[in-house]
Amino acid sequence: MATTHTYDVKVEWTGNLGAGTGGYRSFSRDHEVSADNKAAIAASSDPAFRGDPARWNPEELLVASVAQCHMLWYLHLCAVGGVIVTEYEDHAHGVMTMDESGGGGQITEVVLRPGVTVADVSMVEKARSLHDDVHAVCFIARSVNFPITPMPVIRVQER
């Protein structure tokens, strides 16, 4: 029997400005994403779709999920592969392409730009190549239908 894991979140709309959804411009896209025993995430839609730019939007959260999953699996592969990572920071970039009608769209690519610091110069090549192995195991990467391209920069820790 296959093992399953479940994830329960609550999404609550907080943007009723008094008239509900009486018109396209009559309501805020603000909402909160929460789960038991976790701090709520203040979210909205993309500012291009009348969202609050100070809040997270679903597209940013999807790109963040891809980057997080990649990082966590990468660190695991390094740990079991003998690569000692001392720092990791990713500046991920996602692209959403709109349909010609303008009524819909989809994420069409995510580029990951992890900056990785390893403990020794002898680990650089393996550290670089392990990024290519992540997609075979990353839960999020295996679940999406757009390309994810890692473009890592590997540095050696200064002594």
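Residues numbered from 1 in each chain as written. Predicted model: local features only at pLDDT ≥ 70, side-chain atom pairs only at ≥ 80, totals over all residues. Heavy atoms only, no water.

Novice: Any details on the pattern of salt bridges? Residues and values, ideally.
Specialist: Counted by the stated rule, this structure contains 4 salt bridges. Taking the shortest distance from any N to any O, the salt bridge between Glu12 and Lys10 comes out at 3.6 Å. Using a relative accessible area of 39% as the deciding quantity, one classes Glu12 as partly exposed. Owing to a relative accessible area of 47%, Lys10 belongs among the partly exposed residues under this scheme. Asp52 serves as the salt-bridge partner of Arg55, at 3.9 Å between the closest nitrogen and oxygen. When its relative accessible area of 26% is taken as the criterion, Asp52 is described as partly exposed. (Salt bridge = Lys/Arg side-chain N within 4 Å of Asp/Glu carboxyl O. Buried < 20%, exposed > 50% of the residue type's maximum accessible area, 1.4 Å probe, protein only.)

Novice: Explain helix α1 (residues 58-81) residue by residue, including any values.
Specialist: In this model α1 runs 34 Å from its N-terminal to its C-terminal C-alpha over 24 residues, within 8% of the 34 Å that 1.5 Å per residue would give. Among all positions of α1, only Val63, Val66, Ala67, Cys69, His70, Tyr74, Leu77 and Cys78 are buried. Two to three positions downstream of the cap, the backbone nitrogen of Glu59 sits 3.0 Å from a side-chain oxygen, assigning the N-cap of α1 to Asn57. Count one or two residues on from α1 and you reach Gly82, which has phi positive near 85 degrees. (Helix = DSSP H or I, 4+ residues; strand = E, 2+ residues; numbered from the N terminus. Expected span 1.5 Å × (residues − 1). Polar contact = N/O pair within 3.5 Å; in protein donor to acceptor, adjacent residues only side chain to side chain.)

Novice: Could you give an account of the side chain of Ser44, naming the residues involved and the relevant values?
Specialist: Structurally, the position occupied by Ser44 is in the loop between β3 (41-43) and α1. A polar contact is formed between the side chain of Ser44 and the side chain of Asp30, at a distance of 3.2 Å. Only 2.9 Å separates the side chain of Ser44 from the backbone nitrogen of Asp52, close enough to count as a polar contact. The residues touching Ser44, leaving out its near neighbours within four places in the chain, are Arg29, Asp30, His31, Gly51, Asp52, Arg55, Trp56, Asn57 and Pro58. (Contact = heavy atoms within 4.5 Å.)

Novice: Tell me about the sheet that holds strand β7 (residues 114-118), and name the residues and values.
Specialist: Pairing in this open sheet of 3 strands is mixed, and the strands run β4-β7-β9 from one edge to the other. Taken across any chain shown, the strands that pair with only one partner, and hence form the sheet edges, are β4 (85-90) and β9 (153-156). Across the sheet, the mean angle separating the axes of adjacent strands is 15 degrees when strand polarity is ignored. Of the strand pairs in this sheet, β7 and β9 are connected by 4 bridges, and their pairing is parallel. Note that in β9 the partner of Val118 across the bridge is Val156. Across the sheet, α1 touches β4, β7 and β9, and the angle it forms with β4 is around 165 degrees. Most of the contacts of helix α2 (residues 124-133) go to β9, to which it runs at about 155 degrees, and overall it touches β4, β7 and β9. (Pairing = 2+ DSSP bridges. Axes fitted to C-alpha atoms, helices over the stretch in contact; angles between N-to-C directions.)

Novice: Provide a residue-level description of the nonpolar core, including the pertinent values.
Specialist: Formed by 25 residues in total, the largest nonpolar core has its most connected members in Tyr74, Val83, Val110, Val118, Ile148 and Ile154. Sorting the residues of this core by element identifies α1, β6 (105-112), β7 and α2 as the ones contributing at least two each. Looking at this core element by element, the count peaks at 7 residues for α1. Residues in contact with Ile154, not counting those within four places in the same chain, are Tyr74, Val116, Val118, Val124, Ala127, Arg128 and His131. (Core = buried A, V, L, I, M, F, W, Y, C linked by side-chain atoms within 4.5 Å.)

What is shown is where atoms sit, not what they do.
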